[in-house]
Amino acid sequence: PDAREDFFRARGEPLFSSHMIDLSEDPLEENIATSVEYMKRCAKVNILLEVELGITGGEEDGVDNSDVDKDALYTKPEEVWEVYKALAAVGPMFTIAAAFGNVHGVYKPGNVVLKPEKLEQHQAYIRDQLKSSEKNPVFFVFHGGSGSPPGGGC
């Protein structure tokens, strides 16, 4: 047991509501395996897990993805499906930060090419895999500044 589990056992509620894990620099298989282990622990104490996959452009924490191949800035639907499938087998409380051109940092307008339609494609792909009629079966979370204007973004 750790502080999260002790707190939950004593109070019947989680110490915090969500936990973000950024393994986007790891190979997908490693990211999934580690995320599943975190998901198992979070599920025990009703904590939502936020998983990041794909490369977020720009620079953060000493990792510089400024010169990465532009195609790498967009997570593939099959990658989202692999993560979704693995985490959903453990529980429903997770979100996925899939890359759709987002970057860390502040950039002048026009220097970042966001493709939110990629997220729609991911939803459709997962919906097809699940043979579901649910319009948006995946909960996505947005990472990076991506040149959002002050007061904007949502």
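Placed above this text is the structure.
Residues numbered from 1 in each chain as written. Predicted model: local features only at pLDDT ≥ 70, side-chain atom pairs only at ≥ 80, totals over all residues. Heavy atoms only, no water.

**Observations concerning the sheet that holds strand S2 (residues 48-53)**
Spatially, three strands are ordered S1-S2-S5 in an open sheet, and the strand pairing comes out parallel. Edge strands, defined here as strands with exactly one partner in the open sheet, are strand S1 (18-22) and strand S5 (94-98). On average, adjacent strands in this sheet sit at an angle of 20° to one another, irrespective of strand direction. (Pairing = 2+ DSSP bridges. Helix = DSSP H or I, 4+ residues; strand = E, 2+ residues; numbered from the N terminus. Axes fitted to C-alpha atoms, helices over the stretch in contact; angles between N-to-C directions.)

**A closer look at the packing of helix H2 (residues 28-44) against helix H3 (residues 77-88)**
Orientation of H2 relative to H3, taken along the N-to-C sense of each, is 25°, at an axis distance of 9 Å. Classified by the interaxial angle, the pair formed by H2 and H3 is roughly parallel. Considering the relative orientation of H2 and H3, their crossing is right-handed. Across the interface between the two elements, Leu28, Ile32, Ser35, Val36 and Met39 from H2 touch Glu79, Glu82, Val83, Ala86 and Leu87 from H3. Residue composition of the contact of H2 with H3, by class: seven nonpolar, one polar and two charged. (Parallel < 35°, antiparallel > 145°, perpendicular 65-115°, else oblique. Left-handed = near helix turned anticlockwise from the far one by under 90°. Contact = heavy atoms within 4.5 Å. Nonpolar A, V, L, I, M, F, W, Y, C, P; charged D, E, K, R; others polar.)

**As for the environment of Met20**
Checked against the element boundaries, Met20 lands in strand S1. Along the chain, Met20 and Tyr38 lie 18 residues apart, while their C-alpha atoms are 9.8 Å from each other. Once residues lying within four places of it in the same chain are set aside, the contact partners of Met20 are Glu50, Glu52 and His143.

**Here's the deal with helix H1 (residues 3-11)**
Note: α-helices contain 3.6 residues per turn, so residues at a spacing of three or four share the same orientation. For H1, the set of buried residues is Arg4, Glu5 and Phe7. The buried side chains of H1 occupy one side of the element, clustering within an arc of 165° when seen end-on. The outward face of H1, more than 90 degrees from its buried face, is lined by the exposed residues Ala3, Arg9 and Ala10. Of the residues flanking the end of H1, it is Gly12, one or two places downstream, whose phi is positive at about 75°. (Buried < 20%, exposed > 50% of the residue type's maximum accessible area, 1.4 Å probe, protein only. Arc of directions from axis to C-beta.)

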